[in-house]
Every structure is written in C-alpha cells, then in structure tokens.
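Architecture at a glance
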Amino acid sequence: LKYLIEHPDLHNLCLLFMLLSGTRVGEMVTLAYEDFVSDTCAIVLHTERRYKKDGVTHHVVAELPKTVAGIRQVYIPEEYSWIIKELRKMRPFAHYVCTNEKGERMTTDCLRKRLYRVCDWTKIDRKSPHKGRKTFCSIILDAGFDKNLVVSLMGHVDISTSENHYHYDRKSNQTKQQKINSILEFKVI
C-alpha cells in the first residue's frame, strides 16, 4: 500500500482502490464513475468476461455481477477518499475509472501485470489481485466484522466461502495467548 500511495499514477490508484475495498479485478476494470455514490462507496454492477474466438482473447463488460450474490456496494476508508478524486482528475471525461491514455477501458491483464511489477519493484513475492482480495477478507474477519457484513462486502453467497477459502489467520501467537488468557471461565477463583 505504501508504494501505491507514494506513486499515485492511474494504475496504482486503481490497484489501491481495489485492495482497500476487496473489489475483484474484473469488477474494478468495469467500474464506471456513475457507479460511485460517494468518494468512498461504489455499487458493483458489472464484471469483465473473457473469451477466445479465432485464437484472439476478447475482454467484454458483462452487464451483471460475477456471482449469484448479485449487486453489492464496496467501500474504502474515508481517509482514502482522495483516490477517486485523483482518478477523476487524471481522466475527467472517461466513462470507466480504469482507462488508458486513449480513454479505452483497461483489461484485467493490465492491473494484474502492474501488481506483479509493483511486487517486483518492492522486492516482495508476486501477489495476484485475488490474493489481495483474500487479504482484505482476512483483515475484515480478524477485525470482528459481522458475518452478514463480510458476505455483503465480499459478494459471496454465504459466510463459509469467506471463512473457508478467503480467511488466513493473521493473528500472532502472542495475540492468541492473550485471547486465551482473557477468558473468564479459565480464571482461578
């Protein structure tokens, strides 16, 4: 995050919004400015679909979300509201948030490749956009978010997907020991 904040070009700001909101990469590249209800909240209505025809990969905007969970809202912390303002300044007449210099919508490949380069530049193991989404889910689960809110933010159908496939226990052994120590039923009378 630090690198993305310190190097706020269009690609990095798109990655930053994606990582802070848990947005899927296919949703990010189809996010339009009209989908924003504020500088910290957007409605996810679309995703990118890819298909091959005659050996050529085509990237199209699907007019519905990726999963049966349906349309959802995504949020970023208020302290990052500057991200959307900066993106609008960079491409004031663009329809989509993630556009190139010609005003054409970026594809998922563009953001994925940039994330790999950022990992290389910061000398960390390469992470995929999906890993970023899993980290977002782990953070909100570890923060004690209500399970219904987690499902809503992630765009999952039920909490088992979030807990079983997206959650990595990030708590340290010391934190786990403190939690065990705090249980009243284990206190000596």
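Let me begin by describing the structure that accompanies this report.

About the thresholds
Every residue gets a number counted from 1 within its own chain, in the order that chain's sequence is written. Local features in this predicted model are restricted to residues whose pLDDT is 70 or higher, and side-chain atom pairs enter the listing and the counts only when it is 80 or higher, whereas totals over whole chains, interfaces and linings include all residues. Side-chain numbers here rest on the full set of heavy atoms in the structure, without hydrogens or water. Helix axes are fitted to C-alpha atoms over the stretch in contact, other axes to C-alpha atoms as well, and angles between N-to-C directions run from 0 to 180 degrees. Each helix is a run of DSSP H or I of at least 4 residues and each strand a run of E of at least 2, with the numbering of both proceeding from the N terminus. We call two directions roughly parallel when the angle between them is under 35 degrees, roughly antiparallel when it is over 145, roughly perpendicular when it lies between 65 and 115, and oblique otherwise. Two helices cross in a left-handed way if the nearer one is turned anticlockwise from the farther one by less than a right angle. They cross in a right-handed way if the turn is clockwise. By definition, residues are in contact when any of their heavy atoms lie within 4.5 Å. Lys, Arg, Asp and Glu make up the charged group, whereas Ala, Val, Leu, Ile, Met, Phe, Trp, Tyr, Cys and Pro make up the nonpolar group; the residues left over, Gly among them, are polar. Any two strands with at least two DSSP bridges between them are considered paired.

Comments concerning the packing of helix α2 (residues 10–21) against helix α4 (residues 82–90)
In the contact formed by α2 and α4, the axes pass within 10 Å of each other and the chain directions differ by 150°. Accordingly, the angle class assigned to the pair α2 and α4 is roughly antiparallel. Note on packing geometry: the crossing formed by α2 with α4 is left-handed. Here α2 contributes Leu10, Leu13, Cys14, Leu16, Phe17 and Leu20 to the contact with α4, which in turn contributes Trp82, Ile83, Ile84, Glu86, Leu87 and Met90. Partitioned by chemical class, the residues of the contact of α2 with α4 number 11 nonpolar, no polar and one charged.

Describing unusual backbone geometry
A positive phi angle is found at Asp54, which is not glycine, with a value near 55°. With respect to the helices and strands, the residue Asp54 is situated in the loop between β3 (47–53) and β4 (56–62).

Quick word on the sheet that holds strand β1 (residues 36–38)
The three strands are arranged β1-β2-β5 in an open sheet whose pairing can be described as antiparallel. Here the strands that pair on one side only, and so sit at the sheet edges, are β1 and β5 (72–75). For this sheet, the mean angle separating the axes of adjacent strands, direction not counted, is 30°. Pairing between β1 and strand β2 (residues 41–44): two bridges, direction antiparallel. Following the sheet pairing, Ser38 is matched in β2 by Cys41. Here α2 sits on the sheet in contact with β1, β2 and β5, set at roughly 110° to β5.

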